[in-house]
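Chain by chain, the residues:
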Amino acid sequence: MTADFRHFYQKTWAERTDIVAQQAHLTPAEQALFKQYYLEQHHEIIENYLTDYPLPMGLAVNFVVDGVNRIIPMVTEEPSVIAAASNGAKIVKRAGGFTTTLNQREMIGQIVLEHLADPEQTATIIEQHAAALLDVADAAHPSLKKRGGGARSLRTRVLGQGYLSIDLFVDVQAAMGANMLNSMLEAVAKSIGVMTKTDALMSILSNYATASLVKAECDIPVGLLQAGRYSGELVAQKMASASTVAQLDPYRATTHNKGIMNGIDALAIASGNDWRALESGAHAYAAKDGQYRGMSKWTTDGTTLHGELELPLPVGIVGGSIKINELAQLNQRLLGIQTAGDLERIMIAVGLAQNLAALRALVTTGIQQGHMHLQLKSLAMAAGATAAELPKILQQLELAPQQDLATTQRLIADMRQIKEETDD
Ligand code: HMG
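*Asks:* I tried to follow the packing of aromatic side chains on my own but got confused; where do I start?
*Replies:* Working definition: an aromatic ring pair is given by the centre-to-centre distance plus the angle between the planes. Counted under the stated rule, the structure contains four aromatic pairs. Where Phe-5 meets Phe-8, the ring centres are 5.3 Å apart and the plane angle is 50 degrees; that geometry is what we call tilted. Overall, Phe-5 belongs to the partly exposed group, its relative accessible area being 39%. For Phe-8, a relative accessible area of 10% puts it in the buried group. Centre to centre, the rings of Phe-63 and Phe-98 are 6.0 Å apart; their planes meet at 20 degrees, and the pair counts as stacked. Within this pair, whereas Phe-63 is found in strand E1 (residues 57-65), its partner Phe-98 is found in the loop between helix H3 (81-94) and strand E3 (99-102), the two being separated by 35 residues in sequence. You'll find Phe-63 and Phe-98 in the same group, each marked buried. Three or more aromatic residues joined by ring pairs make a cluster, and in this case those are Trp-13, Tyr-38 and Tyr-49. In this structure, Arg-276 packs its charged tip against the face of Trp-275, placed 4.3 Å from the ring centre.

*Asks:* Just checking my understanding: could you explain helix H5 (residues 130-140) for this structure?
*Replies:* At 3.6 residues per turn, the α-helix brings residues three or four places apart onto the same side. For H5, the complete set of buried residues consists of Ala-130, Leu-133, Leu-134, Ala-137 and Asp-138. Buried positions in H5, seen along its axis, are confined to an arc of 145 degrees and lie on one side of it. For H5, the exposed residues lying more than 90 degrees away from the buried face are Ala-131, Asp-135 and Ala-139. Structurally, H5 contributes buried residues whose contacts are with helix H4 (119-128), helix H6 (142-146), strand E5 (150-160), strand E6 (163-171) and helix H7 (178-196).

*Asks:* Explanation requested: the sheet that holds strand E8 (residues 213-221) in the structure shown.
*Replies:* Picture the strands of a sheet paired through backbone hydrogen bonds; they go either parallel or antiparallel. The four strands are arranged E3-E8-E10-E9 in an open sheet whose pairing can be described as antiparallel. Across the chains shown, the open sheet's two edge strands, defined by having one partner strand only, are E3 and strand E9 (296-300). Between one strand axis and the next, the sheet turns through 15 degrees on average, direction left out of account. Here four bridges tie E3 to E8, and the two strands are oriented antiparallel to one another. Counted as the bridge partner of Thr-99 is Glu-217 from E8.

*Asks:* Explain the side chain of Asn-257 to me, please; I cannot follow it from the model alone.
*Replies:* Relative to the elements of secondary structure, Asn-257 occurs in helix H9 (residues 250-270). A relative accessible area of 0% means that Asn-257 is categorised as buried. There is a polar contact of 2.9 Å between the side chain of Asn-257 and the side chain of Tyr-292. Among all residues touching Asn-257, those that are not within four sequence positions of it are His-283, Ala-286, Tyr-292, Arg-293, Gly-294 and Met-295.

*Asks:* Which parts of the structure should I look at to understand the pattern of salt bridges?
*Replies:* For side chains of opposite charge, pairing can occur when their charged atoms come near one another. Summed over all chains, the structure comprises 13 salt bridges. Across the salt bridge formed by Arg-276 and Asp-274, the nearest N and O atoms sit 3.3 Å from each other. A residue is classified by how much of its surface remains accessible, and Asp-274, at 31% relative accessible area, is partly exposed. Note that Lys-419 and Asp-423 form a salt bridge whose closest N and O atoms lie 3.1 Å from each other. Of this pair, Lys-419 and Asp-423 both sit in helix H15 (residues 405-423), separated by four residues, roughly a single helical turn. Asp-423 carries the same exposure label as Lys-419, and that label is exposed. The structure contains a network of salt bridges with shared partners spanning Arg-155, Arg-157 and Asp-167.

*Asks:* What is the right way to look at a nonpolar patch on the surface in this model?
*Replies:* On the surface, Met-57, Leu-59, Val-61, Ile-71, Leu-327, Leu-330 and Leu-334 cluster together into a nonpolar patch covering about 530 Å² of accessible area. Within the residue set of the nonpolar patch, elements represented by two or more residues are E1 and helix H11 (326-335). Tracing the backbone shows Leu-330 in helix H11.

*Asks:* Hey, could you run me through the site of the ligand in this one?
*Replies:* Around the ligand sit 22 residues in total, of which Ser-80, Asn-87, Lys-90, Arg-252 and Lys-258 are the nearest. At 3.3 Å, a side-chain N or O of Glu-78 approaches an oxygen atom of the ligand. Contact between the ligand and Asn-262: an oxygen atom at 3.2 Å from a side-chain N or O atom of the residue. Within the complex, 63% of the 1100 Å² of free accessible area of the ligand lies under protein. Broken down by secondary-structure element, the contributors of at least two residues to the shell around the ligand are H3, H9, helix H12 (340-362) and helix H13 (367-382). Considering every element that reaches the shell around the ligand, the biggest residue donor is H9, with six residues. Looking at the shell around the ligand residue by residue, the class counts come to eight nonpolar, ten polar and four charged.

*Asks:* Looking at this model, I keep getting lost on H4. Mind explaining?
*Replies:* Looking only at H4, the buried set comprises Pro-119, Thr-122, Ala-123 and Ile-126. Taken down its axis, H4 places every buried residue within 105 degrees of arc, on the same side. If you follow the buried residues of H4, they end up packed against strand E4 (107-113), H5, E5, E6 and H7.

*Asks:* Would you explain the environment of Lys-145 in this entry?
*Replies:* Along the chain, Lys-145 falls in helix H6. With 26 residues separating them in the primary sequence, Lys-145 and Asp-171 have C-alpha atoms 9.0 Å apart.

Conventions adopted
- Residues numbered from 1 in each chain as written.
- Predicted model: local features only at pLDDT ≥ 70, side-chain atom pairs only at ≥ 80, totals over all residues.
- Heavy atoms only, no water.
- Phe/Tyr/Trp six-rings, centres within 6.5 Å; stacked < 30°, edge-to-face > 60°.
- Buried < 20%, exposed > 50% of the residue type's maximum accessible area, 1.4 Å probe, protein only.
- Helix = DSSP H or I, 4+ residues; strand = E, 2+ residues; numbered from the N terminus.
- Lys NZ or Arg CZ within 6 Å of the ring centre and 35° of its normal.
- Arc of directions from axis to C-beta.
- Contact = heavy atoms within 4.5 Å.
- Pairing = 2+ DSSP bridges.
- Axes fitted to C-alpha atoms, helices over the stretch in contact; angles between N-to-C directions.
- Polar contact = N/O pair within 3.5 Å; in protein donor to acceptor, adjacent residues only side chain to side chain.
- Salt bridge = Lys/Arg side-chain N within 4 Å of Asp/Glu carboxyl O.
- Patch = residues over 30% accessible without salt bridge, like charges linked within 9 Å, V, L, I, M, F, W, Y side chains within 5 Å.
- Areas by Shrake-Rupley, 256 points an atom, 1.4 Å probe, with all protein chains shown as cover.
- Near = heavy atom within 4 Å.
- Nonpolar A, V, L, I, M, F, W, Y, C, P; charged D, E, K, R; others polar.

Encoded structure:
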């Protein structure tokens, strides 16, 4: 029988979980999970709330960013990400740490007009009234101006086919600023409607935050990169080659960039930021010249490996869900940050550290040695190993010719059988 989901959002939590249990034929143990991870206040954050979904949080260490030692809270379900970030940061720490550059921190929002007979002429009218429109924007959110922020500039872009984008640049101070910006845009759109007799098609912030770019760089003496039988100089050359391949080939660039976002997303989640916004902006920036490319670049002169990574990272330290997420606030204290800019600088360094560790592993031992070694714990747990069985199963898995679920399940079964026989 299909359960009745009409007005599901108006039901109490108990009613909702009953309906879901009925629909999916849940066992009492499965239903108990709703209760186990339930947090009363999260009814206020999302709709149709059932329960929380826990993700592990750990700490990456060894970071020195602009001369300051930092510890990095990271939320991720993927083994080896935190180890790799700490590993990359340790190498860079020995080389003096990361340096970062942050010149501007403004959010961009768009008002799009359509069906324009002469978009260039409309653009000219709007630009002539730019100062008045900036005042309208500020009036829609006066508290922002009081805090030193506010609307900074306006530009127009003719998109073709009768469309025009009016881009508003706003200093949103410590917030990511999506809601502030959207209110300002809607107010400006109304004024533009009166001015041009055209209703806007839409008014919304852009996640392509090209006015919030931040860059991390590092210079590593090649000797620090030596790995097993690979000299530091060879590792540096191979990493530079790996970087070139990521510039040339979108297939490789996508994986290269996924590795960078492993770190950036983990810190974005830990700091209560919208990682989907950062993801979409970062990937758009990776395709800024028309081809999707690696986000970072590594070059070597034979003595030093130079790494750099620049991305739009419009993060906030207030607003959104941060105020109601005690762990996001605690994580700000762990990070030791005072401003949103501090968080951007650390986040971009985390991306570069993550990429350094992944590329070094890829061009030397291969990713499996380090990554799989740490992945084995998850594999053993997925195969049903108890905490007490883990150490022995891990030992056996390290030596097993195949490290897959079936092998692990067989090892656990064998171990239990031997234990039963010896107990008898
Ligand atoms: P290792 O050589 O065995 O490490 O590396 P080490 O013993 O020399 O340790 C160096 C430092 O790494 C340590 O310093 C720790 O900070 C850290 P210490 O504290 O000893 O002074 N570290 C650890 N931290 C926590 N737990 C651990 C641990 N081990 C070392 N168990 C390591 C081992 C896994 C770090 C290395 O092989 C590595 O960095 N591999 C890269 C792994 C990686 O990139 N994982 C991400 C998932 S794979 C992926 O999704 C991205 C990818 O596809 C991207 C791409 O293709 O570009 C690869």
